[in-house]
Amino acid sequence: MPQHVSVMQQVGVAALVTAAVAWAVGLARGARGVRGVRGTEPVSPRVATTPAPAGARRPRIPRQSVPASESVELTPAERAAFAGLVRRLEGRG
């Protein structure tokens, strides 16, 4: 053990290495498409070696419907007040 390295530095390095290994394992498992907790979901060799067709690994998120845009006609007084507000805000910038 080097004399110039403190115990806290060694603990920090060990924690970073552990986190990096856990991240790499998670990334590899995610890339392979393995889901579930180990031992709860048996994976057959066919599933593990044959890539799934596109879209089969995770369910797709349904498209969100966008409501029709609403518009309201402004009165001339409201339009003038809005124009005055815009002029006021443009003067600040």
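Heads up: the structure comes first, above all this text.
What comes next concerns the included structure. (Residues numbered from 1 in each chain as written. Predicted model: local features only at pLDDT ≥ 70, side-chain atom pairs only at ≥ 80, totals over all residues. Heavy atoms only, no water.)

Things to note about the overall build of the protein
Test applied: Think of it this way: any DSSP run of H or I at least four residues long counts as a helix, any run of E at least two long counts as a strand, and we number them from the N terminus. The buried label applies to any residue whose accessible area, calculated with a 1.4 Å probe on protein chains only, is under 20% of its type's maximum; exposed applies above 50%, and partly exposed to all values in between. Residue-level accessible areas treat just the shown protein chains as cover; the underlying method is Shrake-Rupley with a 1.4 Å probe.
The helix and strand inventory of the protein stands at three helices and zero strands. Reading the protein from its N terminus to its C terminus gives the helix and strand order α-α-α. When each of the 93 residues of the protein is scored for burial, the buried share is 0%. Here the protein displays about 9100 Å² of accessible surface, and carbon together with sulfur accounts for 63% of that area.

Notes on helix α1 (residues 7-32)
What counts here: Each residue after the first adds 1.5 Å to the expected span of a helix.
Helix length check: α1, at 26 residues, gives a terminal C-alpha distance of 38 Å against a target of 38 Å (1.5 Å per residue), a fit within 8%. Of the residues flanking the end of α1, it is Gly 33, one or two places downstream, whose phi is positive at about 85 degrees.

Focus: a nonpolar patch on the surface
This is how it is decided: Patches here are clusters of residues that have more than 30% relative accessible area and form no salt bridge, with a 9 Å joining cutoff for like charges and a 5 Å cutoff for nonpolar side chains (Val, Leu, Ile, Met, Phe, Trp, Tyr). Think of a salt bridge as a Lys or Arg side-chain nitrogen and an Asp or Glu carboxyl oxygen that are within 4 Å of each other.
Taken together, the side chains of Val 13, Val 17, Val 21 and Val 25 present a nonpolar region at the surface, about 330 Å² in accessible area. Locating Val 25 in the fold gives a position in helix α1. With relative accessibility at 45%, the residue Val 25 sits in the partly exposed group.

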